[in-house]
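Inside the fold
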Amino acid sequence: MSNVPLTAAERMEKIVSLCKRKGFIFQSSEIYGGFNGFWDYGPLGAELKRNLRERWWLAMTRDREDVVGLDATIVMHPGIWKASGHVDTFADSMRESTLSNKRVRTDHVEPQSGNVLEYSGARTATGWSLGKPIRVLLRKGEHIESLRKRVKTLLASVHSVSGEIELLDEQNVGAVENSVDFHAEDGGALGEARPFNLMMRTWVGPTATDADIAYLRPETAQAIFAQFKNVLDSSRVKVPFGICQIGKAFRNEVTPRNYTFRSREFEQMELEFFIRPDEAIEIIAGKVTPWTEGADLSTPQPDWGWQMWHRYWVAERTRFYQNIGLGDALEYYFQPAEDLAHYARACVDILFQFPFKTDELEGIAARGAFDLTQHQIHSGKPQEVFDDELKAAAAKLSPEQKEALLQKRLTEEKAKGDCGLDEAAVRAWFERLFAGFYVPHVIEPSAGLDRLVLAILCHAYAEESVPDAKGNPEVRNVLRFHPRIAPVKVAVLPLLRNKPELVAKARAVYDELRQDLAATFDDGGAIGRRYRRQDEVGTPFCVTIDFETLGEKGPELQDTVTLRHRDSMQQERIKISELAARLRAAVR
């Protein structure tokens, strides 16, 4: 077997084609021309997405004692988004084509070269006219008549004009090189950059006035912060602990792109892990262990500060990806201090090399106490926790030790400049801390489920040159899903569909396996063709019921089947009585 070489563009095109043809992903509302930025998952895609979702949930909750779950509403009180900063600052810089009114993110404008043409306006013989200048780029190698036709077609569409359009006073303004002032698709000049809020609006109630405005959530995290105290008070949890959630989020992206990578409706998997401030750790444990290369992250320790917790969650998330087959395909980007949000202490992006570019799969941020503090300020409801262990340890400190801790923090705040707290605020904070109260800090691993599905598909897809039954080379399309996440775990295949005894035995095996495993039954076509069909959708195992199964070639083979492995295409005989346990172990 050898892989067939593909360019990145060819690979992406084939993946998109396979996803539609085999029922992984469909464009939303396709029979109405599609709906840009929205995608539907077909039968196999829904299973793949569900498997990934469940694996994440199990890793976060069932496999841990320190994380609990939440399932919050999509529409929440608009005050939440005011407190979080989304209402005022959650925006992309956008530019709009003056020709077609199409929008593009300012940082996504593709540089172009050519000659700039300008028209004083346009008109038709029926009386319609456009009295403003039209500026458009004639790209290198493009014929002038093609440009004129494109401009006329866009004007007719945008302004709902019928009849022949005449472009007025054409002038060649001059050549430009690598200009970012023209739309990549229509060539129209781009307007000035302006902020575009990404939140999708809705209205709650019957009147639909400004007082009724609400938002479809742009992230799932804020619901966790808003319900922090309820979870703390109703559950047997204690800092450090986490709250996780999987759910839909919505962002009115200016330019959805790269298939499902950047969509307007998507699903997030987020954890907010609440930890003590480093000052509390130092009071309780006597020291805060700093991060060092090669530090043991296997078991959390009482003296871990935010640095160790942050690195711990990078390691935990890496382990998750390793367990679903992506461990060897990841890269890491440690954001420099100048790129961090003003409240963040660190952020690591876990990256995956998609065919279109290497981009973020998950971000793991140390967010300090910013979110809970903001909600405490805006809601007027305290978000502090009481830590009796902290209070007891603080009571043993001398006044000099307390003052030393305070002075250390003051030095840190002064280094922040205008963003730092003044001395009065620091002393008030320590007064609460010594009494056992603090607003927890947060480590936030945040992943996109739709991006993960796309990464899994891209990583799994391969075209191989393999010999057919006669030894001649043929191309095999295969999705090498890890068995844990494959949409279908096993296909049961009777060797021949016109032999009732084979079909009946295959049906019995299928009925047994599907009690515990996602199984499919396939009796259509030659057995080799069926193997290829299952390879293409990523089924890791095929079970063939043949004449040996019926005992026609000796009693020693009766009630055995052929078990075929997708990746190696190797086959082995196995007893039916051992089959279910063998497969369950392989996909666990």
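Just above, that's the structure.
All values derive from a computational prediction rather than experimental measurement.

1. Structural notes on the overall build of the chain
- Of regular secondary structure, the chain possesses 17 helices and 31 strands.
- Projected onto its principal axes, the C-alpha coordinates of the chain cover approximately 90 × 85 × 50 Å.
- Evaluated residue by residue, the chain yields a buried proportion of 48% over its 588 residues.
- Within the chain, contacts between residues separated by at least 24 positions form 67% of all contacts whose residues are at least 6 apart in sequence.
- When the accessible surface of the chain is summed, it comes to about 28,900 Å², and 49% of that surface belongs to carbon and sulfur atoms.
- With 77 positive and 86 negative side-chain charges, the chain shows a spacing of 4 Å between the two charge centroids.

2. Some remarks on the packing of aromatic side chains
- Tallied over the entire structure, the rule returns 23 aromatic pairs.
- With 6.2 Å between their ring centres and 55 degrees between their planes, Phe24 and Phe481 make a pair best called tilted. On the criterion of sequence distance, the pair formed by Phe24 in the loop between helix H1 (8-21) and strand E2 (25-27) and Phe481 in the loop between strand E26 (473-479) and strand E27 (490-494) is long-range, its members being 457 residues apart. There is no split in this pair, since Phe24 and Phe481 are both buried.
- Both rings, one in Phe228 and one in Phe241, keep their centres 6.1 Å apart while their planes meet at 15 degrees; by these two values the pair is stacked.

3. As for the sheet that holds strand E12 (residues 165-168)
- If you trace the three strands from one edge of the open sheet to the other, you get E10-E9-E12, paired in antiparallel fashion. Here the strands that pair on one side only, and so sit at the sheet edges, are strand E10 (129-130) and E12.
- Pairing between strand E9 (residues 121-124) and E12: four bridges, direction antiparallel. The partner of Arg123 across the bridge, within E12, is Glu166.
- The strands that helix H5 (residues 144-158) touches are E9, E10 and E12; relative to E12, the one it contacts most, it runs at about 115 degrees.

4. A word on the environment of Pro540
- Structurally, the position occupied by Pro540 is in the loop between helix H16 (527-536) and strand E29 (541-545).
- Residue Pro540 is classed as buried on the basis of its relative accessible area of 4%.
- As a C-alpha pair, Pro540 and Glu282 span 258 residues in sequence and 51 Å in three-dimensional space.
- Ignoring anything within four residues of it in the chain, the contact list for Pro540 reads Pro483, Ala486, Val488, Lys489, Arg564, His565 and Arg566.

5. Examining the pairing of strand E18 (residues 265-275)
- Among the 11 residues that make up E18, 10 are buried, leaving the element largely enclosed by the rest of the structure.
- Note that strand E17 (residues 241-250) and E18 share 10 bridges and pair antiparallel. Opposite Ala249, over in E18, you have Phe266 as the bridge partner.
- The pairing of E18 with strand E24 (residues 441-448) spans six bridges and is antiparallel.

6. Notes on helix H10 (residues 370-379)
- The complete set of buried residues in H10 reads Phe370, Asp371, Leu372, Gln374 and His375.
- Once H10 finishes, Gly380 follows within two positions and takes phi at roughly 75 degrees, a positive value.

The rules behind each value
- Starting from 1, residues in each chain are numbered consecutively following that chain's sequence as written.
- Owing to the predicted nature of the model, reporting of local features is limited to residues with pLDDT of at least 70; listing and counting of side-chain atom pairs is limited to 80 or more, with chain, interface and lining totals taken over all residues.
- The basis for the side-chain values is all heavy atoms of the structure; hydrogens and waters are excluded.
- Labels follow the DSSP assignment, with helices taken as runs of H or I lasting at least four residues and strands as runs of E lasting at least two, numbered in each case from the N terminus.
- The rule is simple: take the accessible area with a 1.4 Å probe, protein chains only, and divide by the maximum for that residue type; under 20% is buried, over 50% is exposed, in between is partly exposed.
- Note on definitions: a residue-residue contact is assigned when non-hydrogen atoms from the two residues lie within 4.5 Å.
- Accessibility throughout is a Shrake-Rupley quantity obtained with a 1.4 Å probe, and a residue counts as covered only by protein chains that appear here.
- Note that His is not counted, nor are the chain ends; the positive residues are Lys and Arg, and the negative ones are Asp and Glu.
- Charge positions come from single atoms, namely NZ of Lys, CZ of Arg, CG of Asp or CD of Glu.
- Only the six-membered ring of Trp is used, alongside the rings of Phe and Tyr, when aromatic pairs are assigned; centres must lie within 6.5 Å, and planes under 30 degrees apart are stacked while those over 60 apart are edge-to-face, with the rest tilted.
- Two strands are said to pair when DSSP picks up at least two bridges between them.
- Interaxial angles span 0 to 180 degrees and are taken between N-to-C directions of axes, which are lines fitted to C-alpha atoms, for helices over the stretch in contact.

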